[in-house]
Amino acid sequence: MDEAQAPTAKTARVFAVVNQKGGVGKSTTAVNLAAGLGERGSRVLLVDLDPQGNATSGYGLDKNQRQECIYNALLGDTPIEQLIEPVDVKHVFVVPSTIQLAGAEIELVSAFSREAKLKSVLAPILGDFDHVIIDCPPSLGLLTVNALTAADGVIIPVQCEYYALEGLSKLLESVKLVKTHLNSSLEVFGVLMTMYDARTRLSSQVVDEVKDFFGERVFSTIIPRSVRLSEAPSFGQPVTVYDSSGRGAEAYRSLAKEVMDRV
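Within each chain, residues carry numbers counting from 1 in the order of the written sequence. Given that the model is predicted, a residue must reach a pLDDT of at least 70 before its local features are reported, and side-chain atom pairs must reach 80 or more before they are shown or counted; all residues, however, enter totals for whole chains, interfaces and linings. Side-chain calculation: all heavy atoms of the structure are included, whereas hydrogens and water are not.

**Q** I'd like to hear about the pattern of salt bridges, residue by residue, with values.
**A** Each reported salt bridge corresponds to a side-chain nitrogen of Lys or Arg within 4 Å of a carboxyl oxygen of Asp or Glu. Tallying each qualifying case throughout the model produces 14 salt bridges. Of the charged contacts in the structure, one is a salt bridge between glutamate 115 and arginine 114, with a shortest N-O distance of 3.4 Å. Several salt bridges share partner residues, and in doing so they unite Lys26, Asp50 and Asp135 into one network.

This is how it looks when you write it as structure tokens:
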């Protein structure tokens, strides 16, 4: 077969789930989007890049019992293949985080090619997955810059509350800087409205405000405020398993479909 006919090697689409504000549903989105994509037959790798390890425990992995985590691939010699763990959701795999990662921001400062560490760590396994989802810490430090440098697209969860747009201009500025200097293919893939309460006028006002700002980049899917959705992590399960027919599960299934349609 000549080169023109050779099939293109599969390479994963990499998404960074980013918002420097805490409590906007970032880890919830990373965990449940991964599950939704897995349900649709995609092989998904969820990389927990947050020292708090919420995405790790969200899949029932004990972050306190781990000898190694993503830290050892970023700042040690451990190949990422050795850190990938299967979980109880079909087609989904996790690279866990532990509190050890908290020191990585400082240690990366003096590292060679410090902004591209994660990109080079992920490179050997991109052909093994359809999607890689990176759960970022709630800051715009070096770990988040690493995620943006490694990503094709950014997914920004925005909470349906006052000050929803506060800080987003700083985030977009960071995305623009990374795009200019480190990763020319980086785009804002989508903005996701989370914690929507249909009983309040405020929620719909915030959705309208964010749509005015971001236009068509806002996903049609809106994630509702849901007790079952917030309970699921304490049982170490995505909501698609914990409350499979509930509103939260259906919303994340809808988001997974929308992501695949956009890709």
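Back to the write-up after that little detour.
**Q** Describe the side chain of serine 42, listing the residues and the values that go with them.
**A** Only DSSP runs of H or I with at least four residues qualify as helices, and only runs of E with at least two residues qualify as strands; both kinds are numbered from the N terminus onward. Assignment of secondary structure puts serine 42 in the loop between α1 (26-39) and β2 (44-48). For every residue, the accessible area obtained with a 1.4 Å probe (protein chains only) is divided by the maximum for its type, and the residue is called buried under 20%, exposed over 50%, and partly exposed between those limits. Taking relative accessible area as the criterion, serine 42 reaches 4% and is therefore assigned buried. A polar contact of 3.3 Å, which involves the side chain of serine 42, links it to the side chain of histidine 131. Discounting chain neighbours no more than four positions away, the residues touching serine 42 are Leu37, His91, Asp130, His131 and Met260. Counted as a polar contact is a pair of N or O atoms within 3.5 Å, where, for protein atoms, one must be capable of donating a hydrogen and the other of accepting one, and residues adjacent in sequence contribute only when both atoms are in side chains. By definition in these notes, contact holds between two residues if any of their heavy atoms fall within 4.5 Å.

**Q** Before we move on, can you summarise the packing of α1 against helix α11 (residues 247-262) with the specific residues and values?
**A** An axis is simply a line fitted to the C-alpha atoms; with a helix, the fit covers only the stretch in contact. Between two such axes, the angle follows the N-to-C directions and lies from 0 to 180 degrees. Look at α1 against α11: their axes get within 8 Å of each other, and the N-to-C directions meet at 70°. One way to sum up the angle between α1 and α11 is to call them roughly perpendicular. Touching Thr28, Thr29, Asn32, Leu33, Gly36, Leu37 and Glu39 of α1 are Tyr252, Arg253, Leu255, Ala256, Val259 and Met260, all from α11. Partitioned by chemical class, the residues of the contact of α1 with α11 number seven nonpolar, four polar and two charged. The scheme is simple: roughly parallel for angles under 35 degrees, roughly antiparallel for over 145, roughly perpendicular for 65 to 115, oblique for anything else. Classes in brief: Ala, Val, Leu, Ile, Met, Phe, Trp, Tyr, Cys and Pro nonpolar; Asp, Glu, Lys and Arg charged; the others, Gly included, polar.

**Q** I'd like to hear about the side chain of threonine 194, residue by residue, with values.
**A** Within the element layout of this structure, threonine 194 appears in strand β7 (residues 187-196). Take threonine 194: its relative accessible area is 2%, and that puts it in the buried class. Apart from residues lying up to four places away in sequence, threonine 194 is in contact with Val24, Thr29, Pro157, Val158, Gln159, Cys160 and Ile223.

**Q** Tell me about the nonpolar core, and please be specific about residues and values.
**A** Side-chain atoms within 4.5 Å link the members of a nonpolar core, which is a set of buried Ala, Val, Leu, Ile, Met, Phe, Trp, Tyr and Cys residues. Core analysis: the biggest nonpolar cluster contains 55 residues, and Leu45, Ile70, Leu118, Leu122, Val132 and Ile134 have the highest contact counts within it. Ranked by the residues each element gives to this core, the list is headed by helix α6 (residues 142-150), at six residues. Isoleucine 134 has contacts with Val14, Phe15, Ala16, Val17, Val47, Leu49, Leu118, Leu122, Ala147 and Ala150, leaving out every residue within four places of it along the chain. Phe15, Val17, Val44 and Ile223 belong to the second largest nonpolar core, which has 33 residues in total.

**Q** How would you summarise the packing of aromatic side chains if you had to cite specific residues and measurements?
**A** Aromatic pairs are defined between Phe, Tyr and Trp rings, using the six-membered ring for Trp, whenever the two ring centres lie within 6.5 Å; interplanar angles under 30 degrees are classed as stacked, those over 60 as edge-to-face, and all others as tilted. The final tally for this structure, using the stated rule, is six aromatic pairs. Measuring from ring centre to ring centre gives 5.8 Å for phenylalanine 93 and phenylalanine 129, while their planes differ by 70°; the resulting arrangement is edge-to-face. Taken as a pair, phenylalanine 93 in strand β4 (residues 92-95) and phenylalanine 129 in the loop between α5 (117-122) and β5 (131-135) lie far apart in primary sequence, 36 residues in all. Just as phenylalanine 93 is buried, phenylalanine 129 falls in that class too. Relative to phenylalanine 219, the ring of phenylalanine 189 lies with its centre 6.2 Å away and its plane at 55°, an arrangement referred to as tilted. Here phenylalanine 189 is found in strand β7, whereas its partner phenylalanine 219 is found in strand β8 (residues 218-224), with 30 residues between them in sequence. Of the residues examined, phenylalanine 219 reaches a relative accessible area of 1% and is grouped as buried. Taken together through their ring pairs, the aromatic side chains of Phe15, Phe189 and Phe219 make up a single cluster. It is arginine 43 that lies over the ring of phenylalanine 129; its NZ or CZ is 5.1 Å from the centre. Criterion for a charge above a ring: Lys NZ or Arg CZ within 6 Å of the ring centre, and within 35 degrees of the ring normal.

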